[in-house]
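Remarks on the overall topology
Okay, here's what each chain looks like letter by letter:
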Amino acid sequence: MTDDGIRVALPSGAEAFVARGTTAADALRALGERRVGEAIAVKVGDHVLDLSRGLVADATLAPVFPDSPEGLDVLRHSSAHLLAHAVKRLFPNTQVTIGPVIESGFYYDFKRAQPFTPEDLERIEATMRELASENIPVSRREMRRAEAIALFREMGEHYKVEIIEGIPEDHVSLYTQGDFTDLCRGPHVPSTGRLRAFKLTSVAGAYWRGDERNEMLQRIYGTAFPTPKQLKEHLALLEEAKRRDHRRLGRELDLFSFHPEAPASPFFHPKGAIVYNTLVAYIRDLYREFGYDEVLTPQILDVELWKRSGHYENYRENMYFTEADERQMAVKPMNCPSHCLLYADGKRSYRDLPLRLADFGRLHRYERSGVTAGLTRVRSFSQDDAHIFCAPEQIDAEVTSVVEMIFRTYDLFGFSERRIYLGTRPERSIGDAATWERAERTLREVLKRRGIAFEVHPGEGAFYGPKIDFCILDAMRREWQLGTVQLDFSLPERFDLHFINREGKEERPVMIHRALLGSIERFMAILLEHCAGDFPLWLAPVQVRLITVTDQQQAYAQQVVATLRASGLRAEADLRNEKLGYKIREAELQKVPIVLVIGEKEVAAQTVAPRRRGAGALPASDLPSFIASIATEARPGAPGGVP
RNA sequence: GCCACCCUAGCUCAGAUGGUAGAGCAGCCGAUUCGUAAUCGGCAGGUCGAGGGUUCGAAUCCCUUGGGUGGCUCCA
């Protein structure tokens, strides 16, 4: 190494000496990297930088291509800049704010008096295309903070000024492409021509700095990919998501509906009720196995109870209130206080613990209009909720057993990818610091001991205690929260709960709030979208549909239906005077798992000709062996059947 | 709650610039009696989410309101 030279290397080991200040792109060329032209950035150590960055010290370099995760981020970030560039060109009076990369694309927030219309979006996208085809070079420069503030102030970009004022460093970096300059950490593509596959997807309101007390900005969402083909695939995926939308399937499969008379409160139709109740039946089976006792508790309780539990203090804005006998009452948003009353009904011994009280009670929570959505966020629902009252030394075993129930259940439904989060103390909460500390440590230890990978979500705990949230990825790779385990030392305190321990002394139990599916409504929505309406046999509202070829077979068909029903199957007959193909098509569209075709031959031979959803015809068989062949699969909680 | 958009027959959707509603599917009736994803014909169905306004005239323009959708905030 010489004074004016530095040593650069590729991860493969190739080395070269170049002059200090050589750009990353030139250094890569000097190293014999052939695909420099395809790279959009460079990785120096752990940092992704512009290709035009001058190298000042020895470094190991790796080109960043658009199809790598880092490259995709650069591409999308630059697309956000291209969007801002186009907006400033079309609407010069607009102020720019921030434009980050998000999971499936990017967005940019703007301040403009006029709202952006869908037509504006088209014009903006067209302008983005023009700017891309002009292949404008993107350059970076650094500037003193004060200088940058002055510059953006002069440009009338007050939000940028505010952002820079919040940056502690002396210098900030600016990126310029043609007549557009933006404050940005970078890195960016070398020129706008590298952006070939992007699309603006929607406009939405968004608060400045994500605070609802601040003014509202206009956010434009978009997405970008390395190639047009990948963009197209992504858009096709969005179409598929639309096709699987549970609101749509709910209507098409006649499962549930919504009515303005009870906003955000689902009405389950007979078929939807079967799915719902079968899910509950599955959970009840688990409860039998894991030692839970089911209870039923009132819908409306005295406000005093909610004051005592802390809900009135912390949760009032989400509760419904009413009055009776001049007493203030509240509709329950949760079951826990009722379970505390149940626990306290009589002396408890350590021999009674753990006491696991399960409750499928209907809950009502007032959700602000605008946050509700289909079955995933409703105002009326029930959970597979339970509260475990146990001695402190039992916490570990109890949490462990809940985790087992959760994992087994998610496996059953084909949710094999999970993400687990530990939520710690939120701002609004009850209980002292030491108790919180203890509870958080307990949960952390259980997870660690079980070798379960998790992430910490600071401040995401419940107001009464820390929690572990169990999320899954569905078939569309979207993340949903389902189960939860929450430790609670506060409610036992507030309700002055105790049990008599081995020493004959009163001791405070711990309460564990937990759910596997979470809200049944929400779970049903997620499952419906996950399996695109193709429920496993045991959950299907109609398991078997008989289809007659002509009306000569009606009597036999009805007889078969009766036999199937007698053996516990949900069966029905389609006796309509329609062609076979028509009736089969309808059964397929209705996602009926098994169709039994009954024609002249079947009547004569006293058999049925089965047909599996999506798989076509199977050989005919006699009725008893057909029933035997599906018996296991039709039992609640039968494995398989979900992708 | 905030921003934007949407609401026409049970469903999916047509109905530039204001002249008072239309299709396919579903439904009903009839014909057809048929072998693994749509048989043919006919009939009926809407105070265009609701209320108010502008206008000679409103599904269409304006205001209010209800519901929904996509986001933001929230999800204890």
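Note that the structure is predicted; figures quoted are calculated from it, not measured.

This part is about the overall build of chain A. For chain A, the helix and strand inventory stands at 19 helices and 35 strands. Based on the C-alpha atoms only, the size of chain A along its principal axes is roughly 90 × 75 × 55 Å. By the burial criterion, 52% of the 643 residues in chain A qualify as buried. Here the analysis covers contacts within chain A between residues at least 6 apart in sequence; of these, 68% occur between residues at least 24 apart.

Take the sheet that holds strand 3 (residues 41–44) next. What the five strands build is an open sheet, ordered 2-1-5-3-4; its pairing is mixed. The sheet is open, and its two edges are formed by strand 2 (15–19) and strand 4 (47–49), each paired on a single side. In this sheet, neighbouring strand axes are inclined to one another by 35° on average, regardless of whether the strands run parallel or antiparallel. Bridge count between strand 3 and strand 4: three bridges; the pairing is antiparallel. Opposite Lys-43, over in strand 4, you have Val-48 as the bridge partner.

Turning our attention to the nonpolar core. The biggest cluster of nonpolar side chains holds 63 residues, and the ones touching the most others in it are Leu-279, Tyr-292, Val-399, Phe-413, Phe-415, Phe-470 and Phe-535. Sequence-distant contacts of Phe-470, defined by excluding residues within four places in its chain, comprise Val-403, Ile-406, Phe-407, Tyr-410, Arg-419, Ile-420, Trp-480, Gln-481, Leu-482, Gly-483, Thr-484 and Val-485. Counting 32 residues, the second-largest nonpolar core is a separate cluster that includes Ala-41, Leu-82, Met-128 and Leu-131.

Turning our attention to the sheet that holds strand 19 (residues 327–331). What the three strands build is an open sheet, ordered 17-19-18; its pairing is antiparallel. Bordering the open sheet on either side are strand 17 (300–302) and strand 18 (320–324), each of which pairs with just one other strand. Sheet twist, expressed as the average angle between the axes of neighbouring strands with direction ignored, equals 40°. In the sheet, strand 18 pairs with strand 19 via five bridges, with the strands oriented antiparallel. Each bridged residue has a counterpart across the sheet, and for Glu-323 the counterpart in strand 19 is Gln-328.

A few words on the pattern of salt bridges. The full count for this structure, using the stated rule, is 50 salt bridges. Here Asp-396 and Arg-449 are joined by a salt bridge, their closest N and O atoms 2.1 Å apart. With a gap of 53 residues between them, Asp-396 in helix 12 (residues 395–412) and Arg-449 in helix 13 (residues 433–449) connect regions that are remote in the sequence. Looking at Asp-396, the relative accessible area reads 27%, which means it is partly exposed. When salt bridges that share partners are traced, they join Asp-50, Arg-140 and Glu-142 into one network.

With 10 of 10 residues buried, strand 29 (residues 510–519) lies mostly within the body of the structure. With five bridges connecting them, strand 26 (residues 479–488) and strand 29 associate as antiparallel partners. Note on strand 29: the bridge partner recorded for Asp-488 is Met-511.

The relative placement of two packed helices comes down to the angle between their axes together with the axis-to-axis distance. The interhelical angle for the contact between helix 2 (residues 69–90) and helix 3 (residues 118–133), taken along N-to-C directions, is 110°, at an axis separation of 9 Å. By the angle class used here, helix 2 and helix 3 are roughly perpendicular. The hand of the helix 2/helix 3 crossing is right-handed. Along the contact surface, helix 2 presents Ser-79, Leu-82, Leu-83, His-85, Ala-86, Val-87, Arg-89 and Leu-90, while helix 3 presents Arg-123, Ile-124, Thr-127, Met-128, Leu-131 and Ala-132. Classifying every residue of the contact of helix 2 with helix 3 by side-chain character gives nine nonpolar, three polar and two charged.

Once that is clear, we can look at the domain arrangement of chain A. Accessible area lost on assembly of the parts is the figure often given for the size of an interface. Domain annotation for chain A reports domain 1 (5–64), domain 2 (69–241), domain 3 (270–296 + 333–530) and domain 4 (544–634). Each of domain 1 and domain 3 has a C-alpha centre, and the two are 52 Å apart.

Okay, the environment of Asp-67 next. On the secondary structure map, Asp-67 appears in the loop between strand 5 (59–64) and helix 2. Looking at Asp-67, the relative accessible area reads 61%, which means it is exposed. Distance from Asp-67 to Ala-39, taken between C-alpha atoms, is 9.6 Å for residues 28 residues apart in sequence.

Rules and cut-offs
Residues numbered from 1 in each chain as written. Chains lettered and ligands numbered in written order. Predicted model: local features only at pLDDT ≥ 70, side-chain atom pairs only at ≥ 80, totals over all residues. Heavy atoms only, no water. Helix = DSSP H or I, 4+ residues; strand = E, 2+ residues; numbered from the N terminus. Buried < 20%, exposed > 50% of the residue type's maximum accessible area, 1.4 Å probe, protein only. Contact = heavy atoms within 4.5 Å. Pairing = 2+ DSSP bridges. Axes fitted to C-alpha atoms, helices over the stretch in contact; angles between N-to-C directions. Core = buried A, V, L, I, M, F, W, Y, C linked by side-chain atoms within 4.5 Å. Salt bridge = Lys/Arg side-chain N within 4 Å of Asp/Glu carboxyl O. Parallel < 35°, antiparallel > 145°, perpendicular 65-115°, else oblique. Left-handed = near helix turned anticlockwise from the far one by under 90°. Nonpolar A, V, L, I, M, F, W, Y, C, P; charged D, E, K, R; others polar. Domains from an automatic or database assignment.

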